Amino acid sequence: MSIDIIFKIAAIGILVTVLNQILIRSGREEQAMMVTLAGVVVVLMMVITMINNLFTAVKTIFQLY
Amino acid sequence: MLKIVGMVLVLISSTLIGYMKSLKYTLRRQELRSFLSNLNLLITEITYSQITLSEAFNKLSETSEPGVGRFFLLVSQILNSNEGYTASEAWEIALDKVGNINLSQDDIKILKSFGKGLGNSDIYSQEKNFKLASELLKKQLLDAEESSKKNERLYKSLGILIGVAVVIIFL
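Residues numbered from 1 in each chain as written. Chains lettered and ligands numbered in written order. Predicted model: local features only at pLDDT ≥ 70, side-chain atom pairs only at ≥ 80, totals over all residues. Heavy atoms only, no water.

- In the annotation of an unreviewed UniProt entry, the entry for chain A reads Stage III sporulation protein AC, and the organism field reads Thermoanaerobacterium aotearoense SCUT27.

So, in structure tokens, the structure goes:
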């Protein structure tokens, strides 16, 4: 696990924001919505294993089996 | 090293795809405008100079811009080929045969219905046919201008941004 993923997520966030703005400006609200949703899904795919690790770590620390 | 080359390639190709998409809108607008002005020239040739259609098309092909000029040249070649095609048949065949034209289906339909009346009546009826076609084409031109204003910049920036997105996601 490295710090790189934070920058990656930040970059995706910026990109999705810009894309969203461009699509809304040209009158395509539906596509803008889809792009935002796709961005959320992509980021979620990236972090889901890490969230899983966090939860298992919490479980082992407090011994909740 | 290889990674950077790949990134650059992805960026360049997606940018180019965006540019090509946006270029289509520009070209359609230009071709419609060229068709409109050429139809006006053609009706002048018919009513005033009264030269034959194949000569008139040949003349137009020299002055108009490349895409449309190629079409007019094709029409005049078909008319000159001595295979017995009428002007409207030659017009329709040329419309089907000329590749690399950026007009939409509706534009082609208008041009085809215009071609049906081409060269089979007296000058006054021809003038009416030209007027109708140029009115319809003007409408299409307005539509093309609107859609190009809406989509041209969108596709340009969309190409670049999607390239950047792909690069970042696969980094």
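So that's the structure; there's more coming.
## Observations concerning the overall build of chain B
In step 1: Counting secondary structure elements, chain B contains six helices and zero strands.
In step 2: Beginning at the N terminus, the succession of helices and strands in chain B can be written as α-α-α-α-α-α.
In step 3: Scaling as 2.2 N^0.38, a compact globule of 171 residues should have a C-alpha radius of gyration of about 16 Å, whereas chain B reaches 21 Å, well beyond that.
In step 4: C-alpha extents for chain B along the principal axes are approximately 70 × 30 × 25 Å.
In step 5: Residues counted as buried form 43% of the 171 residues belonging to chain B.
In step 6: Within chain B, residue pairs in contact and separated by at least 24 positions form 66% of the contacts whose partners lie at least 6 positions apart.
In step 7: Carbon and sulfur atoms provide 60% of the accessible area of chain B, an area that totals close to 10000 Å².
In step 8: Separation between the mean location of the 20 positive side-chain charges and that of the 18 negative ones in chain B comes to 10 Å. (Helix = DSSP H or I, 4+ residues; strand = E, 2+ residues; numbered from the N terminus. Rg over C-alpha atoms; globule rule 2.2 N^0.38 Å. Buried < 20%, exposed > 50% of the residue type's maximum accessible area, 1.4 Å probe, protein only. Contact = heavy atoms within 4.5 Å. Areas by Shrake-Rupley, 256 points an atom, 1.4 Å probe, with all protein chains shown as cover. Lys, Arg positive; Asp, Glu negative; His and termini not counted. Charge placed at Lys NZ, Arg CZ, Asp CG, Glu CD.)

## A few points about the UniProt feature "transmembrane region" (unreviewed entry) in chain A
Residue and element names in this part refer to chain A.
In step 1: Residues given the UniProt feature "transmembrane region" (unreviewed entry) here are residues 6–23 and 35–55.
In step 2: Counted over residues 6–23, helix gives 100% and strand 0%. Its end C-alpha atoms are 26 Å apart.
In step 3: Strand forms 0% of residues 35–55 and helix 100%; the C-alpha atoms that close the span are 29 Å apart. (UniProt positions renumbered as here; feature names shortened; annotations may be inferred.)

## Details of the nonpolar core
In step 1: Phe35(B), Phe57(B), Phe71(B) and Trp91(B) are the most contacted members of the largest nonpolar core, which has 36 residues in total.
In step 2: Judged by nonpolar contacts, the second largest core, of 14 residues, contains Ile12(A), Val43(A), Met46(A) and Leu158(B). (Core = buried A, V, L, I, M, F, W, Y, C linked by side-chain atoms within 4.5 Å.)

## Observations concerning the interface of chain B and chain A
In step 1: Between chain B and chain A, the contact holds eleven residues from the first and twelve residues from the second.
In step 2: Together, Leu154(B), Leu161(B) and Ile168(B) form the three largest contributors to the area buried by chain B at its contact with chain A, with a combined 47%.
In step 3: Linking chain B with chain A are zero salt bridges, by the criterion used here.
In step 4: Linking chain B with chain A are one residue pair in polar contact (both at pLDDT 80 or more). (Buried area = accessible area lost by both parts, 1.4 Å probe. Salt bridge = Lys/Arg side-chain N within 4 Å of Asp/Glu carboxyl O. Polar contact = N/O pair within 3.5 Å; in protein donor to acceptor, adjacent residues only side chain to side chain.)

## Some points on the packing of aromatic side chains
Residue and element names in this part refer to chain B.
In step 1: Applying the stated criterion to the full structure yields ten aromatic pairs over all chains.
In step 2: Ring geometry for tyrosine 25 versus tyrosine 155: centroids 6.0 Å apart, planes at 20°, classification stacked. Highlighted residues: tyrosine 25 in helix α1 (residues 2–49) and tyrosine 155 in helix α6 (residues 123–170), separated in sequence by 130 residues.
In step 3: The exposure class assigned to tyrosine 155 is buried, which follows from its relative accessible area of 18%. (Phe/Tyr/Trp six-rings, centres within 6.5 Å; stacked < 30°, edge-to-face > 60°.)

## Observations regarding a nonpolar patch on the surface
In step 1: A surface patch of nonpolar side chains, about 730 Å² in accessible area, is lined by Ile51(A), Leu54(A), Phe55(A), Val58(A), Ile61(A), Phe62(A) and Leu64(A).
In step 2: In this structure, Leu54(A) sits in helix α2 (residues 29–62). (Patch = residues over 30% accessible without salt bridge, like charges linked within 9 Å, V, L, I, M, F, W, Y side chains within 5 Å.)

## Quick look at the side chain of Glu31(B)
Residue and element names in this part refer to chain B.
In step 1: Relative to the helices and strands, glutamate 31 is located in helix α1.
In step 2: Buried charge without a salt bridge: glutamate 31, with arginine 70 as the nearest opposite-charge side chain at an N-O distance of 6.3 Å.
In step 3: Among all residues touching glutamate 31, those that are not within four sequence positions of it are Glu65, Gly67, Val68, Asn100, Ile101, Asn102 and Leu103.

## Some points on the pattern of salt bridges
Opposite charge on two side chains permits pairing when their charged atoms draw close.
All names here are of chain B.
In step 1: The tally for this structure, following the rule as stated, stands at six salt bridges over all chains.
In step 2: With a shortest N-O distance of 3.6 Å, glutamate 152 and arginine 29 are connected by a salt bridge. Remark: arginine 29 occurs in helix α1 and glutamate 152 occurs in helix α6; sequence separation between them is 123 residues.
In step 3: With a relative accessible area of 17%, glutamate 152 lands in the buried category.
In step 4: Connected through salt bridges with shared partners, the residues Arg28, Asp107 and Asp143 form a single ionic network.

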